[in-house]
Amino acid sequence: KGKEPDPQTIGKELNVQAILNGRVVQRAQDLSLFVELVDVALDKVVWSQRYDRKQADIVTLQTDVARDVLSRLKTKLTGEDEAKVTKSYTTNPEAYQLYLKGNYYEHKYNEDGYKKAIEYYEQAIEKDPNYALAYVGMGNAYVTASGWYLAPNEAMPKAKTAGLKALELDNSLADSYRLLGIYEIWYGLDWVTCERNLRRAIELGSTTSH
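Since the model is a prediction, treat every value here as computed from it, not as a measurement.

(A) How the structure looks around the pairing of strand S2 (residues 30-39). When you tally the buried positions in S2, you get seven out of ten residues, the bulk of the element. As judged from the ten bridges shared by strand S1 (residues 18-27) and S2, these two strands associate in the antiparallel manner. Residue pairing for S2: Leu20 is matched across the bridge by Leu37. From the end of S1 to the start of S2, which pair antiparallel, there are two residues, and Ala28 there has a positive phi angle of about 55°. Where S2 meets strand S3 (residues 44-54), ten bridges bridge the pair, whose relative direction is antiparallel. Counterpart to Leu37 in the pairing with S3 is Trp47. The antiparallel pairing of S2 with S3 creates a hairpin that spans four residues between the two strands, and Asp43 there sits at a positive phi of about 50°.

(B) Representation of the nonpolar core in the model. Counting 35 residues, the largest nonpolar core has Tyr99, Tyr131, Met138, Tyr142 and Leu173 as the members making the most contacts within it. When residues of this core are traced back to their parent elements, those giving at least two are helix H2 (58-72), helix H4 (93-106), helix H5 (111-127), helix H6 (132-145), helix H7 (152-169) and helix H8 (174-188). If you look at the next biggest cluster of nonpolar residues, it comprises eight residues, including Leu33, Leu37, Leu61 and Val65.

(C) Here's a closer look at the environment of Glu154. For Glu154, the location among the structural elements is in helix H7. Under the relative-accessibility criterion, Glu154 is labelled partly exposed at 36%.

(D) The pattern of salt bridges, seen in detail. Inspection of the entire model under this criterion finds eleven salt bridges. Between Arg67 and Asp64 there is a salt bridge; the shortest N-O distance is 3.9 Å. Of this pair, Arg67 and Asp64 are both found in helix H2, three residues apart, which corresponds to roughly one turn of the helix. A residue is classified by how much of its surface remains accessible, and Asp64, at 24% relative accessible area, is partly exposed. Between Glu94 and Lys127 there is a salt bridge, and its shortest N-O distance comes to 3.5 Å. Within this pair, whereas Glu94 is found in helix H4, its partner Lys127 is found in helix H5, the two being separated by 33 residues in sequence. The exposure class of Glu94 is partly exposed, given its relative accessible area of 47%.

(E) Representation of unusual backbone geometry. The backbone phi angle of Ala28 is positive, close to 55°, even though this residue is not glycine. Looking at where Ala28 falls in the secondary structure, it is placed in the loop between S1 and S2. Taking the relative accessible area as the measure of exposure, Ala28 reaches 64% and is therefore exposed. The backbone of Tyr109 shows a phi angle near 55°, a positive value even though the residue is not glycine. Assignment of secondary structure puts Tyr109 in the loop between H4 and H5.

Conventions adopted
Residues numbered from 1 in each chain as written. Predicted model: local features only at pLDDT ≥ 70, side-chain atom pairs only at ≥ 80, totals over all residues. Heavy atoms only, no water. Buried < 20%, exposed > 50% of the residue type's maximum accessible area, 1.4 Å probe, protein only. Helix = DSSP H or I, 4+ residues; strand = E, 2+ residues; numbered from the N terminus. Pairing = 2+ DSSP bridges. Core = buried A, V, L, I, M, F, W, Y, C linked by side-chain atoms within 4.5 Å. Salt bridge = Lys/Arg side-chain N within 4 Å of Asp/Glu carboxyl O.

So this is what it looks like as structure tokens:
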């Protein structure tokens, strides 16, 4: 954000064939999203699109963009992988925006960020009690805070509880298994459970963010 991206540099760093650039303009409750798919090797825009939606449609907008981009890629995903990429973990736009705010503050990696992240994740869960990704985010925030801003015996059990709740809601969520694996590394010290959870996370692959 705030920088002019160089697709070739980013593509080389990430070892990918294509980069998706985007820009969002918001006016009151209206959103305009401009996206372009850049072939890194050719340094050429191979597809671009503008989406005009209401802010309340932000969740379905993500799914639409993901599906449109997938249809333009040379490498085709299996039906299962495509379902993962286009899956929405909540249909509540308010919950989704609160989750994004939680993500933003969680990745500040400081005390104020940790506290605000927890608040936003809790608000997201209030809006949608079945929002598994919000539980994962909350668990990750507690792991970040452990030993720095909260005592491990306070933070880590809360992280585990959040991870288990996320799995209860969606047992195909890779990030939940990753969270529970990290819990065992830093606190639980059950290496068998740790390995099982991390292997499962690898099998499932990374989770989309909506």
